Amino acid sequence: MSKILIIEDEEAIAELEKDYLELSGFEVEIEGSGDTGLARALSENFDLYILDLMLPKVDGYEICRQIRAEKNTPIIMVSAKKDDIDKIRGLGLGADDYMTKPFSPSELVARVKAHMSRYERLVNSSAPANDMIEVRGLKIDITARRVWVNDEEKFLTTKEFDLLAFLASNPNKVYSKQDLFREIWAQESVGDITTVTVHIKKIREKIELNTAKPQYIETIWGVGYRFKI
Ligand code: CA
């Protein structure tokens, strides 16, 4: 559920905004003071901020500036004075939208939804998903170099990971020990093809439920290994 932080010292307004946003399915938190609002905005993860301009302790200008220095999360600034809105725009604080009080709660909800979906599209397009391989409970994040078996993370050494990732990226093909040694250790003078056998054994100990009956990396006797999907 998307989470919104309202920083607003007029309690009646904050509660009204909260009611409408909650009816639209958002989770809403309220902070009535600039200092506590700023602290939460920076230390917790919210999906959108609704920020009043005139606040006790720290004003909306400063809060907006500090959030923007750290996060791209949408910020909607509200103020009782039309002049203030013009001033905020002029300052280029990086707020995404501005509203003058009083505004209709449904207008606020509409703008919140618009900014949230725009931001989600932005985040999704700028951060491509990690390259993942998932086979029968084994999950390999090629990009982050992490491995899980039934949601439990397993810690592989660099070479173990390289070997597993290579085999899993080229499934259902048989590779000889020589092939694998060349592929993974090519640039290094140390080791020989028995290194491959040792690494396969260690990988199996980490990812297989029963190393005597491996379900991921199969041994093809006299030929080599194959990752089965
Ligand atoms: Ca105020």
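1. Structural notes on the nonpolar core
- By size, the foremost hydrophobic cluster in this structure holds 27 residues, and its most contacted members are L164 and F227.
- Looking at this core, the elements that each hand over two or more residues are β6 (132–135), β7 (138–141), β8 (146–149), α6 (158–169), α7 (177–185), α8 (194–207) and β12 (224–227).
- At seven residues, the largest contribution of residues to this core is made by α6.
- Setting aside chain neighbours within four positions, we find L164 in contact with I140, V147, L156, I203, I207, I217 and F227.
- Counting 21 residues, the second-largest nonpolar core is a separate cluster that includes I7, Y49, I67 and M77.

2. Concerning the coordination of the calcium ion
- Taken together, the protein ligands of the calcium ion are D9 (OD), D52 (OD) and M54 (O), with distances of 2.1 to 2.3 Å.
- For D52, a relative accessible area of 3% corresponds to the buried category.
- Overall, M54 belongs to the exposed group, its relative accessible area being 52%.

3. With respect to the sheet that holds β12
- One open sheet accounts for three strands, arranged β10-β12-β11; its pairing is antiparallel. Sheet topology places β10 (174–175) and β11 (217–220) at the edges, where each strand pairs with a single neighbour.
- By the bridge criterion, four bridges tie β11 to β12 in an arrangement that is antiparallel. Following the sheet pairing, E218 is matched in β12 by R226.
- Where α6 meets the sheet, it contacts β10, β11 and β12, and its direction lies at approximately 65° from that of β12.

4. Things to note about the domain arrangement of the protein
- Here the protein is partitioned into domain 1 (3–123) and domain 2 (132–227).
- Averaged C-alpha coordinates put domain 1 and domain 2 at centres separated by 50 Å.

5. Quick look at the environment of E44
- With respect to the secondary-structure elements, E44 resides in the loop between α2 (34–43) and β3 (48–52).
- Sequence separation between E44 and Q178 is 134 residues; the distance between their C-alpha atoms is 51 Å.
- At 2.8 Å, the side chain of E44 and the side chain of R40 are in polar contact.

Rules used in this analysis
Residues numbered from 1 in each chain as written. Predicted model: local features only at pLDDT ≥ 70, side-chain atom pairs only at ≥ 80, totals over all residues. Heavy atoms only, no water. Core = buried A, V, L, I, M, F, W, Y, C linked by side-chain atoms within 4.5 Å. Buried < 20%, exposed > 50% of the residue type's maximum accessible area, 1.4 Å probe, protein only. Helix = DSSP H or I, 4+ residues; strand = E, 2+ residues; numbered from the N terminus. Contact = heavy atoms within 4.5 Å. Donors = N, O, S within 2.8 Å, 3.2 Å for Na, K, Ca; no water. Pairing = 2+ DSSP bridges. Axes fitted to C-alpha atoms, helices over the stretch in contact; angles between N-to-C directions. Domains from an automatic or database assignment. Polar contact = N/O pair within 3.5 Å; in protein donor to acceptor, adjacent residues only side chain to side chain.

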